[in-house]
Amino acid sequence: MPVQTIPEIPGLSMYPEFIGPDEQTALMATLDGLPWSGLGVGPNPELKRRTQQRGCTFSFRYRKAITSTEPLPGWARDLVARLAPLTTMKDALNSIIINEYQPGQGIMPHVDSLTAFGDTVFALSLLSPCVMTFDRVGSTDSYPIVLEPRSLLVLTGPARFGFRHGISKDLVETLGDRTIHRERRVSLTFRYIIPGPCKEEAACK
Ligand SMILES: O=C(O)CCC(=O)C(=O)O
Ligand SMILES: [Fe+2]
């Protein structure tokens, strides 16, 4: 499987075309057939975008998992089996957060909670491309990258713990000679949720 890395962001791996177009279409049909939450609907009603959670459910407000170990759904098993060999993390992935970004929606720069989530985070991108910016914690270094549809981003080590990542609300983004007109984007974040409360002081992301 071809993998791209970025010397400035150690621990980041990008797998372009991790899934095929038909797999993307089937996955979107599955997700759109399931109930969305966020935007006033629990378990995370405060989120300003639509989300779904599968497997172990995490509450950002209560800063902890709010279900015990629900199994991951059948439609995710093949994907998860393909992710497992890409990490040295011992704990098995037990949660999927699905985020929908309509034009004008993004995600604030954040480090995924260090105490709530395991040391490898996977993000599978569907539909619209977008720019994700990595800001090194404690410096002004900032590295924008394009998340292409059907690509898989793997964050571990410094990329996971030493950089904030975020997506702007911009309707149009430019990076080098690339111009992206943002359309609907859906991503699946696969993580291991560590049992017990999030121990950080800051808001848990
Ligand atoms: O949408 C994405 O690709 C990233 C989502 C994210 O950063 C997260 O769920 O923590
Ligand atoms: Fe994140």
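Residues numbered from 1 in each chain as written. Chains lettered and ligands numbered in written order. Predicted model: local features only at pLDDT ≥ 70, side-chain atom pairs only at ≥ 80, totals over all residues. Heavy atoms only, no water.

As recorded by an unreviewed UniProt entry, the chain carries the name Fe2OG dioxygenase domain-containing protein and is attributed to Dimargaris cristalligena.

1. With respect to the overall build of the chain
Along its length, the chain carries three helices and 15 strands. Each of the three principal axes of the chain carries a C-alpha extent, and together these read 45 × 40 × 35 Å. In the chain, the share of contacts with a sequence separation of at least 24, taken over all contacts with a separation of at least 6, comes to 72%. For the chain, the exposed area adds up to about 9,800 Å²; of that, 57% sits on carbon and sulfur atoms. Charged side chains of the chain number 22 positive and 21 negative; the gap between the two group centres comes to 6 Å. (Helix = DSSP H or I, 4+ residues; strand = E, 2+ residues; numbered from the N terminus. Contact = heavy atoms within 4.5 Å. Areas by Shrake-Rupley, 256 points an atom, 1.4 Å probe, with all protein chains shown as cover. Lys, Arg positive; Asp, Glu negative; His and termini not counted. Charge placed at Lys NZ, Arg CZ, Asp CG, Glu CD.)

2. Considering the site of ligand 1
Of all residues adjacent to ligand 1, which total 13 residues, the nearest are Y101, H165, R185, S187 and T189. A distance of 3.0 Å separates an oxygen atom of ligand 1 from a polar side-chain atom of H165. Contact with the protein chains hides 95% of the accessible area of ligand 1, taken as 300 Å² for the molecule alone. At the level of elements, β6 (95–101), β7 (107–110), β12 (163–167) and β15 (185–191) are the ones that each hand at least two residues to the shell around ligand 1. Counting residues per element, the shell around ligand 1 draws most heavily on β15, which supplies four residues. (Near = heavy atom within 4 Å. Polar contact = N/O pair within 3.5 Å; in protein donor to acceptor, adjacent residues only side chain to side chain.)

3. A closer look at the sheet that holds strand β8 (residues 120–127)
Strand order across the open sheet formed by seven strands is β1-β2-β11-β8-β15-β6-β3, with antiparallel pairing between neighbours. Looking at strand neighbours, the two that pair on one side only are β1 (4–5) and β3 (51–55), the edges of this open sheet. As defined by bridge partners, β1 adjoins strand β2 (residues 12–15) across two bridges and the pair is classed as antiparallel. Its bridge partner being in β2, Q4 is matched across the sheet by M14. The strands touched by helix α2 (residues 74–83) within the sheet are β3, β6, β8, β11 (152–156) and β15, with β15 carrying the most contacts at an inclination of about 65°. (Pairing = 2+ DSSP bridges. Axes fitted to C-alpha atoms, helices over the stretch in contact; angles between N-to-C directions.)

4. A short note on unusual backbone geometry
Negative phi characterises most residues that are not glycine, and trans characterises most peptide bonds. Notably, E17 is not glycine yet its phi reads approximately 50°, a positive angle. The backbone of L127 sits at a positive phi, close to 70°, despite the residue not being glycine. The residue L127 is located in strand β8 in this model. By relative accessible area, L127 is classed as partly exposed at 27%. (Buried < 20%, exposed > 50% of the residue type's maximum accessible area, 1.4 Å probe, protein only.)

5. Here we look at the confidence of the model for the chain
For the chain, per-residue confidence averages 91 on the pLDDT scale, and 94% of positions sit at 70 or higher. Overall fold confidence for the complex sits at a pTM of 0.93, while the interface term, ipTM, reaches 0.99. (pLDDT = per-residue confidence, 0-100.)

6. Here's the deal with the pairing of β2
Going residue by residue along β2, you find L12 and M14 tucked away on one face and S13 and Y15 tucked away on the opposite face as well. Between β1 and β2, which follow one another and run antiparallel, lie six residues, and G11 among them has a positive phi close to 95°.

7. Structural notes on the packing of aromatic side chains
On inspection of all chains with the given rule, the structure shows two aromatic pairs. On the numbers, 6.3 Å between centres and 65° between planes, the contact of Y15 with F18 is edge-to-face. Lying over the aromatic face of F18, R82 brings its terminal NZ or CZ to 4.6 Å of the ring centre. R191 extends its terminal NZ or CZ atom over the ring of F117, reaching a point 3.9 Å from the ring centre. (Phe/Tyr/Trp six-rings, centres within 6.5 Å; stacked < 30°, edge-to-face > 60°. Lys NZ or Arg CZ within 6 Å of the ring centre and 35° of its normal.)

8. Remarks on helix α1 (residues 21–32)
Relative to the 16 Å expected for twelve residues at 1.5 Å per residue, α1 spans 16 Å between its end C-alpha atoms, a close match to the ideal helical length. Every buried residue of α1 is listed here: Q24, L27, M28 and L31. The buried residues of α1 all sit within an arc of 100° when viewed along its axis, so they share a single face. Those residues of α1 that are exposed and aimed more than 90 degrees away from the buried face are D22, T25 and A29. (Expected span 1.5 Å × (residues − 1). Arc of directions from axis to C-beta.)

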